[in-house]
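Notes for the structure review
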Amino acid sequence: MKSKKNKPARLRKVVFALLSVLLLLSLGILAYSPSTNERQILMTKDLISAFVNNEVNSIISQTTDAEVVRMLPYDFSTPKNPPDPANFSSKDGKICYKDSTIEVTLWKELYTPISAELCFADIRIKHPSQFRRQWSYGNYNTACNQYPSNIFATTNGVIGMSSDFYKFRDYGIIIQYGKVLCNKRSHNSRQKYLDVLVIDYNGDFKIWKDNELSDYIEKHGADDIMLSFTFGPALIENGKMYDPDSEIHYPIGEPHSGAGRVAIGQLGKLHYLFCTLGYPGTFRKYMAEIMAEKGCVTAYNLDGGQTGTIVIRNRVYNTIAYKGEQRPMSDIMYFCSAE
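Only a predicted model underlies this, so the values are computations on that prediction, with no experimental measurement involved.

Here a disulfide denotes one covalent bond, and it connects the sulfur atoms of two cysteines. Evaluation of the coordinates by the stated rule reveals 0 disulfides. The thiol of Cys 296 is unpaired, and the distance to the nearest cysteine sulfur, on Cys 275, comes to 8.4 Å. Cys 296 gets classed as buried once you look at its relative accessible area, which sits at 6%.

Turning to the sheet that holds strand β17 (residues 310-312), a few remarks are in order. Strand order across the open sheet formed by 5 strands is β5-β19-β6-β17-β18, with antiparallel pairing between neighbours. Here the strands that pair on one side only, and so sit at the sheet edges, are β5 (131-135) and β18 (315-316). One ladder, built from 5 bridges, connects β5 with strand β19 (residues 331-335); its direction is antiparallel. Bridge pairing in β19 places Arg 132 opposite Tyr 334.

What the rule picks out here adds up to 17 aromatic pairs. On the basis of an interplanar angle of 55° and a centroid distance of 5.9 Å, the ring pair of Tyr 74 and Tyr 177 is categorised as tilted. With Tyr 74 in the loop between α2 (38-63) and β1 (88-91) and Tyr 177 in the loop between β7 (172-176) and β8 (179-184), this residue pair connects regions lying 103 residues apart in the sequence. Where Phe 131 meets Tyr 272, the ring centres are 5.4 Å apart and the plane angle is 75°; that geometry is what we call edge-to-face. With Phe 131 in strand β5 and Tyr 272 in strand β15 (residues 271-282), the pair connects residues that are 141 residues apart, well separated along the chain. When its relative accessible area of 1% is taken as the criterion, Phe 131 is described as buried. Members of the aromatic cluster, joined through ring pairs, are Phe 131, Phe 205, Tyr 272, Phe 274 and Phe 335.

Take unusual backbone geometry next. Across residues other than glycine, the phi torsion is negative in most instances, and most of the peptide bonds are trans. At the junction of Gly 232 and Pro 233, the peptide bond is cis and its omega measures out at 5° in the coordinates. Along the chain, Pro 233 turns up in the loop between β11 (225-230) and β12 (234-237). Cis geometry marks the peptide bond from Tyr 279 to Pro 280, where omega comes out at 10°. Positive phi is not limited to glycine here, since Asn 314 has a value of about 65°. For Asn 314, the location among the structural elements is in the loop between β17 and β18.

Rules of the game
- Residues numbered from 1 in each chain as written.
- Predicted model: local features only at pLDDT ≥ 70, side-chain atom pairs only at ≥ 80, totals over all residues.
- Heavy atoms only, no water.
- Disulfide = S-S within 2.5 Å.
- Buried < 20%, exposed > 50% of the residue type's maximum accessible area, 1.4 Å probe, protein only.
- Pairing = 2+ DSSP bridges.
- Helix = DSSP H or I, 4+ residues; strand = E, 2+ residues; numbered from the N terminus.
- Phe/Tyr/Trp six-rings, centres within 6.5 Å; stacked < 30°, edge-to-face > 60°.

Below is the structure:
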């Protein structure tokens, strides 16, 4: 039971928080001036939304026993706070991180059919805004690539992984926080479609065919899409496991040969799984089996081979396929703390 002696102090905190919210809202209104560009307006709105959410939750937590759920702005900014080194631990060969907003566990296994290294990262977050993407040099339009560990070092993230290496091709559907950055189909006449991983503002996965998604955003816009990645194909969707190697004309990812593989899966609400499979690699259908065995309800194939990299504490965790060295690339996905 909360002490009555603390009531005036709590009341002062509530009043101060409310005044802070009103002040930031006033600044937000001023930001909507004729000279302000669209990106500045969106960033201001995102910052206000995150601030108001966090302050309101703080007020509720001070007056009740409700749990605080903090969020980050839905924009291209870097999270303010890096992970606390004291929250990292190692036990039974696993690396762990845990604070009030995120819990991560990494471990390695031997994929016995080919004696290849499997690396997993199990991630739970409190709010979808903790699932983020970062570009090489912080710029989607840059022509220069970076090692994934260097990209990750700019994020204040807890755990990161290579994603779809979007700059390796001139087509795909790339969306970030409702903004369509790329919406192009392949020129390959034999190709019927590409699978696109779409993540909504609940943090839930859905896999679209690129022609269907392209039609959808042209008619309805992309406001309901938080992030999208184009590589594929789908490994598991709604609990159904696919044989991705049956797509004989799928043009991406060395579909008809063994290769180092990368996948991301959703295990449950705000619960995800990273996976890399190292040299000598295997066919994608075996990655579907691996992700299904771990309990994924949805799983998606990402750029593998030498691209496949998991990073934690600014160090590469997995043994990178083939050369064993990082490949410069255009982007990573990562999860961060909201504390």
